[in-house]
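# Residue-level structure breakdown
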Amino acid sequence: MTIRLLSETIINQIAAGEVIERPASVVKELVENAIDAGATRIEVVTAGGGKTLIRVTDNGSGIPADELALAVSRHCTSKLTDNVHDIRALGFRGEALPSIGSVARLSLKSRVAGADAGFEVVVSGGRLEGPRPAALNQGTIAEVRDLFFATPARLKFMKTDRAEAMAVGDVVKRVAIAFPHIRFSLAGSDRTPMELPATGAGEDGMLERIAQVLGKEFSENAIAIDAERDGVRLAGFAGIPSFNRGNALHQFAYVNGRPVRDKQIWGAIRGAYADVIARDRHAVAVLFLTLDPELVDVNVHPAKADVRFRDPGLVRGLIVGAVKQALTQSGIRAATSGAEAMMQAFRAEGFGTRPSPSPQAAAYRAPAYQTRDWTAPRPRTEWSAETAPYRPLDMDMGFGESEQAAFESMATPSADARATIEDAPAELTAAPLGAARAQVHANYIVAQTADSLVIVDQHAAHERLVYEALKNALHSRPLPAQMLLIPEIVDLPEEDAERLTVHAETLSRFGLGVERFGRGAVAVRETPAMLGETDVQQLIRDLADEIAEHDTSDGLKAMLDHVAATMACHGSVRSGRRLKPEEMNALLRQMEATPGSGTCNHGRPTYIELKLADIERLFGRR
């Protein structure tokens, strides 16, 4: 078979297979071009999920008329110098516009500042027309119609219009978060219009933009992150553990302002919340990594969604450490979503349900207007307070002081600290979790603060306290090790054996004694005593895989923490145990002093706080 040079159109269509996967990819590339052009207003319009129409309008610097033809040619860009490692713009490959033009009908109109008119070029299936004059204000309008008309087979792999429209919306939201000073709008016949007004720079502006995308609820349950290590800076916001979601779609990561979907960053976020969120739940976080462009490779894939760090261990350690430290320093906080769910349960509509009638009561009865003799005289009866269905509340119904005096001599239950008995000390009600007032259902502590009502799950709360105490005891000193009578020899690839040897000192702190045994094996002489009898072969292989992927041996630490969590679950206050007021208050004070006590070891909330204003709103007092 003869080797031949492919045509420019075929080359662009091949490149489009990587760059342009779906309509959302087109929107991403065009929006990034607008941002690189310095736009402060970007408008996106779609139809048919983006398969029929995509139009992106911006007020950026524009493209000169003599450069429009170059803009739609392969590997032509104004964003890259001779150093391919010094990438400071979102786009740099010069492939997006020619790739779009090879599989769709692309119209590119642009006008620079000071120009008498704008100009337009049209690329349809790889054929270029223009430039020719066009009427528009300063900026650029990129219009894409009939996506993949030149490659019909690609259309078979597209999802429904609704699904593609949602993907476009997700792309715009992810990009918009990183640029709060830019106004974004998204509209079209296939969606509900979305407006994201510019919020300005700074932390407040960033949090306001995030609230526009994720909702006000996130800003009420977020903690600011700001840390730096060895030239890598991490900023952003992380949700408290009790504010979580069922998937990772609400995790946003940015590297030098570029939205990325990096497994390493997701793994670091998961590690930071490892023992405060349930395994099937996901944290909500928006994190920004800023570092020297030469320390990160964004040219891994044409879509530029994946990145490679020169020192991945540094980045992972920074994310895990910074998020954990922020969660610790934030003190004890309850998610506002818990209070909202509680309010929904207390809504008046919930009290309007009636028991279903019995079969006998459900029998048909003729309406009164069909059976009553309206000509008969109506009997008259005098009104009586004793017999009237609606009578004044000051009637003698057994709640008067004389009747209640008989109950004064009764002993007060040990789990009751009602306000009628004694007023709560001011120093306790001023505390974050307030003063314990009662225990209900032998499991829930009801506490009162200056402006809220707090309900605490005593078992979940004490389980977290015991777990944190066990972890501190475990990690404050080297763990006891159990010597193996006969060392376990584990055969491994040579590179895995070398990695384990490098981490041998760290592993020994957790009670695992590992040393090199020939070229492709390691000898295990000690195992952590806490683990008891364990599968040494599987343990070593799992650790080798983790070190190869993340350059860390946290897996062993996680196993030991799991043992500690099991011990804490069985060693904490059980449900059904009645507590005295002093015990309840002591538990509340320990929760306030313990980091992460807002959730139990399994990720469930330990308490719910309902503000007094919310209670008054339930009763129509506000």
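Reference entry: report on the structure contained in this document. Everything quoted here is computed from the prediction, not taken from an experiment. Chains are numbered independently. Their residues run from 1 in the order of the written sequence. With the structure being a predicted model, the display of local features is reserved for residues of pLDDT at least 70 and the display and counting of side-chain atom pairs for 80 or more, all residues being used for whole-chain, interface and lining totals. Processing note: side-chain calculations cover all non-hydrogen atoms of the structure and skip hydrogens and water entirely.

## A few points about the overall build of the protein
Let me state the cut-off plainly: We count a stretch as a helix when DSSP gives it H or I for four or more residues in a row; a strand needs E for two or more, and each element gets its number in order from the N terminus. Only protein chains enter the area calculation, which uses a 1.4 Å probe; residues under 20% of their type maximum are buried, those over 50% are exposed, and those in between are partly exposed. By definition, residues are in contact when any of their heavy atoms lie within 4.5 Å. Residue-level accessible areas treat just the shown protein chains as cover; the underlying method is Shrake-Rupley with a 1.4 Å probe.
Counting secondary structure elements, the protein contains 21 helices and 24 strands. Residue burial in the protein is summarised as follows: out of 622 residues, 43% are buried. Looking at the protein alone, contacts between residues at least 24 apart form 68% of all its contacts between residues at least 6 apart. Carbon together with sulfur atoms contributes 53% to the accessible area of the protein, which is approximately 33,500 Å² in total.

## Quick notes on the packing of aromatic side chains
Rule in force here: Geometry of aromatic contacts follows a simple scheme: Phe, Tyr and Trp rings, the Trp one being its six-membered ring, pair when their centres are within 6.5 Å, and the pair is stacked under 30 degrees between planes, edge-to-face over 60, tilted otherwise. Lysine NZ or arginine CZ positioned within 6 Å of the ring centre and within 35 degrees of the ring normal marks a charge as sitting over the ring.
In the structure shown here, the tally under the stated rule is 2 aromatic pairs. With 6.4 Å between their ring centres and 50 degrees between their planes, Phe 218 and Phe 243 make a pair best called tilted. Taken as a pair, Phe 218 in helix α8 (residues 216-220) and Phe 243 in the loop between β10 (232-239) and β11 (244-245) lie far apart in primary sequence, 25 residues in all. For the pair Tyr 254 and Phe 288, a centre-to-centre distance of 4.8 Å together with 15 degrees between the ring planes defines the contact as stacked. You can see Tyr 254 sitting in strand β12 (residues 251-255) and its partner Phe 288 sitting in strand β15 (residues 285-290), a full 34 residues away along the chain. Over the ring of Phe 149 we find Arg 105, and its NZ or CZ is 3.9 Å from the ring centre. Against the face of Phe 243 rests Arg 245, its NZ or CZ located 4.6 Å from the ring centre.

## Remarks on the sheet that holds strand β23 (residues 521-528)
Heads up, the rule is: Strand pairing is assigned whenever DSSP identifies at least 2 bridges connecting the two strands. For helices, the fitted axis covers only the stretch in contact; all axes are lines through C-alpha atoms, and the angles between them, taken along N-to-C directions, range from 0 to 180 degrees.
Overall, antiparallel pairing links the 3 strands, which are arranged β21-β23-β22 in an open sheet. Looking at strand neighbours, the two that pair on one side only are β21 (481-491) and β22 (513-516), the edges of this open sheet. In this sheet, neighbouring strand axes are inclined to one another by 20 degrees on average, regardless of whether the strands run parallel or antiparallel. As defined by bridge partners, β21 adjoins β23 across 7 bridges and the pair is classed as antiparallel. Pairing of Asp 491 across the sheet is with Ala 521, part of β23. Here helix α16 (residues 494-502) sits on the sheet in contact with β22 and β23, set at roughly 130 degrees to β22.

## What about helix α9 (residues 263-272)?
Stated precisely, the cut-off is as follows: By arc we mean the arc of the directions from the helix axis to the C-beta atoms, nothing more. Contacts described as polar in this section are N or O atom pairs within 3.5 Å, which, within protein, must combine one atom able to donate a hydrogen with one able to accept it, while residues neighboring in sequence count only if both atoms come from side chains.
Among the residues of α9, those classed as buried are Gln 264, Ile 265, Ala 268, Ile 269, Gly 271 and Ala 272. Down the axis of α9, the sector holding all buried residues measures 160 degrees, keeping them to one side. Against the buried residues of α9 lie β12, β13 (258-260), β14 (282-283), β15, β17 (308-309) and α10 (312-329). One side-chain oxygen of the residue at the start of α9 lies 3.1 Å from the amide nitrogen of Gln 264, identifying that residue as Asp 262.

## Quick notes on the sheet that holds strand β8 (residues 194-196)
Pairing in this open sheet of 8 strands is mixed, and the strands run β5-β4-β3-β6-β2-β1-β7-β8 from one edge to the other. Where the open sheet ends on each side, the last strands, each with one partner, are β5 (127-134) and β8. Strand after strand, the sheet turns through a mean of 10 degrees between neighbouring axes, direction not considered. Pairing of strand β2 (residues 53-58) with strand β6 (residues 139-145) involves 6 bridges; the strand directions are antiparallel. Bridged to Ile 54 within β6 is Val 144. This element, helix α2 (residues 23-36), spans β1 (41-47), β2, β6 and β7 (183-188) of the sheet and lies at about 10 degrees to β2. Packed on one face of the sheet, helix α4 (residues 96-103) meets β3 (105-111), β4 (118-124) and β6 and runs near 140 degrees to β3.

## Brief notes about the nonpolar core
Counted only if it meets this: Here, nonpolar core refers to any group of buried Ala, Val, Leu, Ile, Met, Phe, Trp, Tyr and Cys residues whose side-chain atoms link them within 4.5 Å. Throughout the structure description, domain borders are defined by an automatic or database domain assignment.
Grouped together as the largest cluster of nonpolar side chains are 93 residues, with contacts concentrated most on Ile 42, Phe 184, Tyr 273, Leu 289 and Ile 319. Of the residues forming this core, the biggest block, 9 residues, is contributed by α10. Counting contributing residues, this core receives three or more from each of domain 1 (8-196) and domain 2 (203-331). Discounting chain neighbours no more than four positions away, the residues touching Phe 184 are Val 31, Ile 35, Ile 42, Val 172, Val 175, Ala 176, Phe 179, Met 194, Glu 195, Leu 196 and Arg 209.

## Structural notes on the environment of Pro 312
Relative to the helices and strands, Pro 312 resides in helix α10. For Pro 312, a relative accessible area of 31% gives the class partly exposed.

## Some words on the pattern of salt bridges
Inclusion rule: Any Lys or Arg side-chain nitrogen located within 4 Å of an Asp or Glu carboxyl oxygen qualifies as a salt bridge.
Summed over the entire model, instances satisfying the criterion amount to 26 salt bridges. Between Arg 22 and Glu 164 there is a salt bridge, and its shortest N-O distance comes to 3.0 Å. Here Arg 22, found in the loop between α1 (8-19) and α2, pairs with Glu 164, found in helix α6 (residues 161-178); they are 142 residues apart in sequence, far enough to count as distant. On the basis of relative accessibility, which here comes to 24%, the residue Arg 22 falls in the partly exposed class. In this structure Glu 164 comes out as buried when scored by relative accessible area, which is 2%. Residues Arg 261 and Asp 170 are paired through a salt bridge, measuring 3.1 Å at the closest nitrogen-oxygen approach.

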